[in-house]
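These are the residues of each chain, in order.
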Amino acid sequence: EADIYQTPRYLVIGTGKKITLECSQTMGHDKMYWYQQDPGMELHLIHYSYGVNSTEKGDLSSESTVSRIRTEHFPLTLESARPSHTSQYLCASSERDNTEAFFGQGTRLTVV
Amino acid sequence: AQSVAQPEDQVNVAEGNPLTVKCTYSVSGNPYLFWYVQYPNRGLQFLLKYITGDNLVKGSYGFEAEFNKSQTSFHLKKPSALVSDSALYFCAVRETGFQKLVFGTGTRLLVSP
């Protein structure tokens with residue numbers, strides 16, 4: 001069954017550590033997205049990609065970086081985690097502009 | 001730039017009553033509009049979308065939404081609410097020809113027994 005996977009689901013890490021949040025989809029979608037979700041629930045687009053080797057920054061400035069070397073894989077990296085990075089991170093993909101996006105279960109990151 | 005507004009942080013309704021969750025949007029061109037629901041500690045689940053055609057769109061779990069171009073709105077509705085409908089609801093827009101999918105701030109729906 002086609003799906004979108006995020007790992008890990010939960011992560012507690014110390015300040016200054018480098019982390020990579022994984023996102024993979026088996027649907028062959030060209031478009032992929034990373035959202036940061038506040039504790040108060042608002043979703044902020046931080047990165048998106050419309051194909052291999054294409055990435056763009058979203059509306060919310062983020063210290064994270066992304067890469068898109070393969071269609072199915074869109075990892076997000078924080079070089080040096082800080083407590084302000086504590087949040088839920090949601091990955092999504094979609095096939096075309098007029099199709100819905102599919103979301104992963106999310107990664108809840110806590111930086112202590 | 002495209003944007004979405006959900007003016008209500010929370011909507012309270014009694015079980016069995018109709019519900020409406022409001023959404024307005026702003027785009028330069030034609031919009032693709034979506035509604036999603038989020039349950040605790042989960043990702044977002046797709047409910048319904050408007051691409052073109054009939055202004056009344058029907059989706060999952062008995063939900064529907066009406067596209068109103070003159071009012072730039074896409075309100076989510078359900079004729080009879082269930083307690084299990086209690087969740088976070090997000091409206092989203094993608095402008096045709098653009099890649100970004102932008103979400104509203106979300107509305108918490110609370111259905112009381």
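Heads up: the structure comes first, above all this text.
The paragraphs below set out a description of the structure included in this document. (Residues numbered from 1 in each chain as written. Chains lettered and ligands numbered in written order. Predicted model: local features only at pLDDT ≥ 70, side-chain atom pairs only at ≥ 80, totals over all residues. Heavy atoms only, no water.)

## Digging into the overall build of chain B
Each helix and strand in chain B was counted, giving zero helices and twelve strands. Scanning chain B from its N terminus toward the C terminus, one meets helices and strands in the order β-β-β-β-β-β-β-β-β-β-β-β. Counting only C-alpha atoms and orienting by the principal axes, one finds that chain B spans roughly 45 × 30 × 20 Å. When burial is assessed residue by residue, chain B has 47% of its 113 residues classed as buried. Considering only contacts in chain B between residues 6 or more positions apart, those separated by 24 or more positions represent 56%. Accessible surface for chain B amounts to roughly 5200 Å². Of this, 50% is attributable to carbon and sulfur atoms. Charge separation in chain B, taken as the distance between the mean sites of 10 positive and 8 negative side-chain charges, equals 6 Å. (Helix = DSSP H or I, 4+ residues; strand = E, 2+ residues; numbered from the N terminus. Buried < 20%, exposed > 50% of the residue type's maximum accessible area, 1.4 Å probe, protein only. Contact = heavy atoms within 4.5 Å. Areas by Shrake-Rupley, 256 points an atom, 1.4 Å probe, with all protein chains shown as cover. Lys, Arg positive; Asp, Glu negative; His and termini not counted. Charge placed at Lys NZ, Arg CZ, Asp CG, Glu CD.)

## Thoughts on the packing of aromatic side chains
Here the structure, examined in full by the defined rule, presents twelve aromatic pairs over all chains. Ring geometry for Tyr36(B) against Phe103(B): centres 5.5 Å apart, planes inclined by 55 degrees, an arrangement best described as tilted. Of this pair, Tyr36(B) sits in strand S5 (residues 31-38) while Phe103(B) is found in strand S11 (residues 102-103), placing the two residues 67 residues apart along the sequence. Taken individually, Tyr36(B) and Phe103(B) each receive the classification buried, so the pair is uniform in this respect. Through a chain of ring-to-ring contacts, the aromatic side chains of Tyr33(A), Tyr35(A), Phe103(A), Phe34(B), Tyr36(B), Phe46(B), Phe90(B) and Phe103(B) assemble into a single cluster. Directly above the ring of Phe74(A) sits Arg68(A), whose terminal nitrogen or CZ lies 5.8 Å from the centroid. (Phe/Tyr/Trp six-rings, centres within 6.5 Å; stacked < 30°, edge-to-face > 60°. Lys NZ or Arg CZ within 6 Å of the ring centre and 35° of its normal.)

## What about the nonpolar core?
Note that soluble globular proteins tend to have their nonpolar side chains buried in a common cluster. Residues and elements named next belong to chain B. In this structure, Trp35, Leu47, Leu48, Phe74, Leu76 and Tyr89 are the most contacted members of the largest nonpolar core, which totals 28 residues. Those elements giving two or more residues to this core turn out to be strand S2 (10-14), strand S3 (19-21), S5, strand S6 (44-50), strand S8 (64-68), strand S9 (73-78), strand S10 (87-95) and strand S12 (107-112). The biggest single contributor to this core is S10, with four residues. Look past the residues within four positions of Tyr89 in its chain and what remains in contact with it is Gln6, Trp35, Tyr36, Val37, Leu47, Phe63, Leu76, Gly106, Thr107 and Leu109. (Core = buried A, V, L, I, M, F, W, Y, C linked by side-chain atoms within 4.5 Å.)

## Considerations on the pairing of S8(B)
Residues and elements named next belong to chain B. The pairing of strand S7 (residues 56-58) with S8 spans three bridges and is antiparallel. Opposite Lys58, over in S8, you have Glu64 as the bridge partner. Hairpin connection of S7 to S8: five residues between the antiparallel strands, including Tyr61 at a positive phi of 60 degrees. One ladder, built from five bridges, connects S8 with S9; its direction is antiparallel. When the sheet's bridge partners are listed, Asn68 is paired in S9 with Ser73. Connecting S8 to the antiparallel partner S9 that follows it, the hairpin turn spans four residues, and Thr72 within it adopts a positive phi of roughly 45 degrees. (Pairing = 2+ DSSP bridges.)

## Regarding the state of the cysteines
Note on terminology: disulfide describes a covalent bond linking the sulfur atoms of two cysteines. Residue and element names in this part refer to chain A. Scanning the model with the defined rule gives two disulfides over all chains in all. The disulfide bridge from Cys23 ends at Cys91, spanning 1.9 Å between sulfur atoms. On the S-S bond that ties Cys23 to Cys91, the torsion sits near -75 degrees, and the link is left-handed. With a gap of 68 residues between them, Cys23 in strand S3 (residues 19-25) and Cys91 in strand S9 (residues 87-94) connect regions that are remote in the sequence. (Disulfide = S-S within 2.5 Å.)

## A word on the interface of chain A and chain B
Each partner contributes to the interface: chain A provides 26 residues, whereas chain B provides 26 residues. For the chain A and chain B pair, buried surface summed over both sides reaches about 2200 Å², with 52% attributable to carbon and sulfur atoms. Here Glu100(A) ties to Lys49(B) by a salt bridge, and the two come within 3.0 Å at their closest N and O atoms. On inspection of chain A and its partner chain B, the count reaches seven residue pairs in polar contact (both at pLDDT 80 or more). Mapped onto the side of chain A that touches chain B, the elements with two or more residues apiece are strand S4 (31-37), strand S5 (43-51) and S9 of chain A. (Buried area = accessible area lost by both parts, 1.4 Å probe. Salt bridge = Lys/Arg side-chain N within 4 Å of Asp/Glu carboxyl O. Polar contact = N/O pair within 3.5 Å; in protein donor to acceptor, adjacent residues only side chain to side chain.)

## Some words on the environment of Asp38(A)
All names here are of chain A. Within the fold, Asp38 resides in the loop between S4 and S5. A C-alpha to C-alpha distance of 9.0 Å links Asp38 and Thr86, two positions 48 residues apart in sequence. A distance of 3.1 Å separates polar atoms of two side chains, one belonging to Asp38 and the other to His44.

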